[in-house]
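# Close look at the chain arrangement
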Amino acid sequence: MTRLETAPTEFVESAGITFAYRRLGPPSGIPLVLLQHFTGHMDSWDPAVVNGLAKDRPVVVFDNAGVGQSSGATPDNVS
C-alpha cells in the first residue's frame, strides 16, 4: 500500500492554478478528499490517520491555492 509519506506528489491545473496533491489507497472506489484549513498543506496531516483511512478507500490530500506546492493566492474566505 502506498503511504502518505511515500506517495508521489502530482499536479493538476484548474482556473490557472496548479494544485499539488497525493492519492493513496486502492486504485478504484469513491475517493475521500481531505480538506485542510486555509494555510494547512498536505504534509500537515498525521500519516497514521491518512494511512489508516487509505487501507479501505482511495484518499486524496492536496495543497490549497497559494499553499505548499500549489500556485495562486491563498484564499481569505470561504464564499
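Computed from a predicted model, the values in this text were never measured in an experiment.

## Some words on the pairing of strand β1 (residues 10-14)
Sheet analysis places β1 next to strand β2 (residues 17-24), joined by 5 bridges and oriented antiparallel. Paired with Phe11 across the strands is Ala20, a residue of β2. Counting the residues between successive antiparallel strands, the hairpin from β1 to β2 contains 2 residues, one of them, Ala15, with a positive phi of roughly 55°.

## With respect to the sheet that holds strand β3 (residues 32-34)
Reading across the sheet, the 4 strands line up as β1-β2-β4-β3 and stay open at both edges, with mixed pairing between neighbours. The open sheet is flanked by β1 and β3, the only strands paired with a single partner. For this sheet, the mean angle separating the axes of adjacent strands, direction not counted, is 35°. The sheet contact formed by β2 and strand β4 (residues 59-62) spans 4 bridges and is antiparallel. In the sheet register, Arg23 faces β4, and the bridge partner there is Val60.

## Let's talk about the environment of Gln69
Structurally, Gln69 is set in the segment after β4. Each C-alpha atom, one on Gln69 and one on Phe11, is 9.0 Å from the other, the two residues being 58 residues apart in sequence. Apart from residues lying up to four places away in sequence, Gln69 is in contact with Thr9, Phe11, Thr18, Ala20, Arg22, Met42 and Asp63.

The rules we used
Residues numbered from 1 in each chain as written. Predicted model: local features only at pLDDT ≥ 70, side-chain atom pairs only at ≥ 80, totals over all residues. Heavy atoms only, no water. Pairing = 2+ DSSP bridges. Helix = DSSP H or I, 4+ residues; strand = E, 2+ residues; numbered from the N terminus. Axes fitted to C-alpha atoms, helices over the stretch in contact; angles between N-to-C directions. Contact = heavy atoms within 4.5 Å.

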